[in-house]
Amino acid sequence: MSHTLVSLACHAYGIAAVAYLAYLVRQSDALAMAGRVLVGGGLVLHGVALFELLGAQSGRPVGMAQGFSTLAFLLLAIFLALDVRYRRPVIGAFLTPLAVTVLLPGLLMHGGQSPLPPGVRQPLLPLHITLALLGLAAFAVAAGVGVMYLLMERQVRAKRFGLLFARLPSLEFLDTLNRRLVVWGFIALSITLATGAFFVSTTRGWTWDGKSIATVVAWAVFAALVNARIFAGWRGRRVALLTMAGFCLVLVSFLTSYDLTSSSPTAAMRIP
């Protein structure tokens, strides 16, 4: 049942992506509303499916399929909140296709996982995983906003005011939105690191594997970025580029959180 709901949600997201891409070409209130309704309806179906999976997999690790599915859900939830708050549906032309791309692997992978070892079945585990995915989703949206900023800035510098210049939000708005998303993502990533360190100290001990290195480097990049914005007044192009670089590092950490060599059809997340 949950797979059917996620499939229906994915179809809704796909149609919404078409509506938002059409809005990028021709601004229309009807297209913007259709995109919002489709994304909102998809999130309802998707949320019910994730709730069912949460109950069915209690005491088991988070599989890669569920990880991708949850990431897509959170990414679109953040986008819809931004769209409703700021009325900038054009952002959906960049984020809804990304969310569909993220969700598709979750639909194609199936299989169960072995129960979690007793050492990691702790109350903080759901918080750790949820915040990790929420931070990744916030950084994904921030990276998408960074791409929009670079496209807009390129047209301004070249003095070629084409379709994107007429459709995209102002550079100031995009820079401010990027800052807010990075700050919230950084807070989530910091708590993820803290809870992850707690799990390490109570289970197998710290090891400098690929996931640990990527996560710490990503945290350092975003810490430097947040401080540079506050104390050095960094803005604009270099901030957008650093956001995208930091997101890539967090994405590497997310992907290396799974045992991709596992024989199980659905790889399981390693904790932390």
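Residues numbered from 1 in each chain as written. Predicted model: local features only at pLDDT ≥ 70, side-chain atom pairs only at ≥ 80, totals over all residues. Heavy atoms only, no water.

Here the focus is the packing of aromatic side chains. Per the stated rule, a full pass over the model turns up five aromatic pairs. Arranged with centres 5.5 Å apart and planes meeting at 85°, the rings of Phe68 and Phe254 form a pair that is edge-to-face. Here Phe254 lies in helix H9 (residues 237-255) and Phe68 lies in helix H3 (residues 64-86), a separation of 186 residues in the sequence. You'll find Phe68 and Phe254 in the same group, each marked buried. Sitting above the plane of the Phe173 ring, Arg88 keeps its charged end 4.6 Å from the centroid. For Arg238, the ring lying beneath its charged end belongs to Trp234, and the centroid distance is 4.2 Å. (Phe/Tyr/Trp six-rings, centres within 6.5 Å; stacked < 30°, edge-to-face > 60°. Helix = DSSP H or I, 4+ residues; strand = E, 2+ residues; numbered from the N terminus. Buried < 20%, exposed > 50% of the residue type's maximum accessible area, 1.4 Å probe, protein only. Lys NZ or Arg CZ within 6 Å of the ring centre and 35° of its normal.)

This part is about the UniProt feature "transmembrane region" (unreviewed entry) in the chain. The residues that UniProt annotates with the feature "transmembrane region" (unreviewed entry) are residues 6-25, 37-56, 62-82, 89-109, 129-151, 181-200, 212-232 and 239-258. Within residues 6-25, the helical portion is 100% and the strand portion 0%, while the C-alpha atoms at the span's ends are 29 Å from each other. The distance separating the terminal C-alpha atoms of residues 129-151 is 33 Å; by composition the span is 100% helix and 0% strand. (UniProt positions renumbered as here; feature names shortened; annotations may be inferred.)

A cluster of nonpolar side chains, Leu127, Val183, Trp184, Ile187 and Ile191, forms an exposed patch at the surface whose accessible area comes to about 450 Å². The dominant element in the nonpolar patch, judged by the number of residues it contributes, is helix H7 (residues 171-202), at four residues. (Patch = residues over 30% accessible without salt bridge, like charges linked within 9 Å, V, L, I, M, F, W, Y side chains within 5 Å. Areas by Shrake-Rupley, 256 points an atom, 1.4 Å probe, with all protein chains shown as cover. Salt bridge = Lys/Arg side-chain N within 4 Å of Asp/Glu carboxyl O.)

Our next topic: helix H4 (residues 92-108). An ideal rise of 1.5 Å per residue puts 24 Å on 17 residues; H4 measures up with 24 Å between its terminal C-alpha atoms. For H4, every residue scored as buried is listed here: Gly92, Ala93, Leu95, Thr96, Ala99, Val100, Val102, Leu103, Gly106 and Leu107. (Expected span 1.5 Å × (residues − 1).)

Tallied over the full model, the rule gives five salt bridges. As a salt-bridge pair, Glu153 and Arg157 come within 3.5 Å of each other at their nearest N and O atoms. Taken together, the residues Glu153 and Arg157, both in helix H5 (residues 124-158) and four residues apart, mark about one turn of the helix. For Glu153, a relative accessible area of 12% translates into the label buried. Put simply, Arg229 and Asp175 hold a salt bridge, and the shortest N to O gap is 2.9 Å. On the criterion of sequence distance, the pair formed by Arg229 in helix H8 (residues 210-231) and Asp175 in helix H7 is long-range, its members being 54 residues apart.

So, about the environment of Val239. The topology assignment puts Val239 in helix H9. Judged by relative accessible area, Val239 falls into the buried class, the value being 1%. Once the C-alpha coordinates of Val239 and Ala228 are considered, the two residues, eleven residues apart in sequence, prove to be 9.1 Å apart. Every residue in contact with Val239, bar those within four places of it in the chain, is listed here: Asn178, Leu225, Arg229 and Trp234. (Contact = heavy atoms within 4.5 Å.)

Along the polypeptide, Arg235 turns up in the loop between H8 and H9. Sequence spacing of Arg235 and Thr176 is 59 residues, and the spatial spacing of their C-alpha atoms is 9.0 Å. Setting aside anything within four residues of it in sequence, one finds Arg235 in contact with Glu172, Asp175 and Arg229. A distance of 3.1 Å separates the side chain of Arg235 from the side chain of Asp175, its partner in a polar contact. (Polar contact = N/O pair within 3.5 Å; in protein donor to acceptor, adjacent residues only side chain to side chain.)

By the element assignment, Asp83 lies in helix H3. Here Arg36 takes part through its side chain, which lies 2.9 Å from a polar atom of the side chain of Asp83. Once residues within four sequence positions are removed from consideration, Asp83 is found in contact with Tyr20, Arg36, Arg88 and Pro89.

Before going further, it helps to spend a moment on the packing of H3 against H4. Helix-helix packing: each pair is described by the crossing angle between the helix axes and the interaxial distance. The contact between H3 and H4 brings their axes to 7 Å, and the two run at 165°. Classified by the angle their axes make, H3 and H4 are roughly antiparallel. Along this stretch, H3 crosses H4, giving a crossing that reads as left-handed. Mapping the contact onto sequence places Ala65, Phe68, Ser69, Leu71, Ala72, Leu75, Leu76 and Phe79 in H3 and Gly92, Leu95, Thr96, Leu98, Ala99, Val102, Leu103, Pro105 and Gly106 in H4. Residue composition of the contact of H3 with H4, grouped by class: 13 nonpolar, four polar and no charged. (Axes fitted to C-alpha atoms, helices over the stretch in contact; angles between N-to-C directions. Parallel < 35°, antiparallel > 145°, perpendicular 65-115°, else oblique. Left-handed = near helix turned anticlockwise from the far one by under 90°. Nonpolar A, V, L, I, M, F, W, Y, C, P; charged D, E, K, R; others polar.)

Moving on: the nonpolar core. The biggest cluster of nonpolar side chains holds 67 residues, and the ones touching the most others in it are Val39, Ile91, Val141, Leu177, Leu181 and Phe222. With 15 residues, H5 is the largest single contributor of residues to this core. For this core, the domains that each give at least three residues are domain 1 (1-110) and domain 2 (123-260). Not counting the four nearest positions on each side in its chain, Val141 is found in contact with Leu75, Ile78, Leu82, Leu95 and Leu181. (Core = buried A, V, L, I, M, F, W, Y, C linked by side-chain atoms within 4.5 Å. Domains from an automatic or database assignment.)

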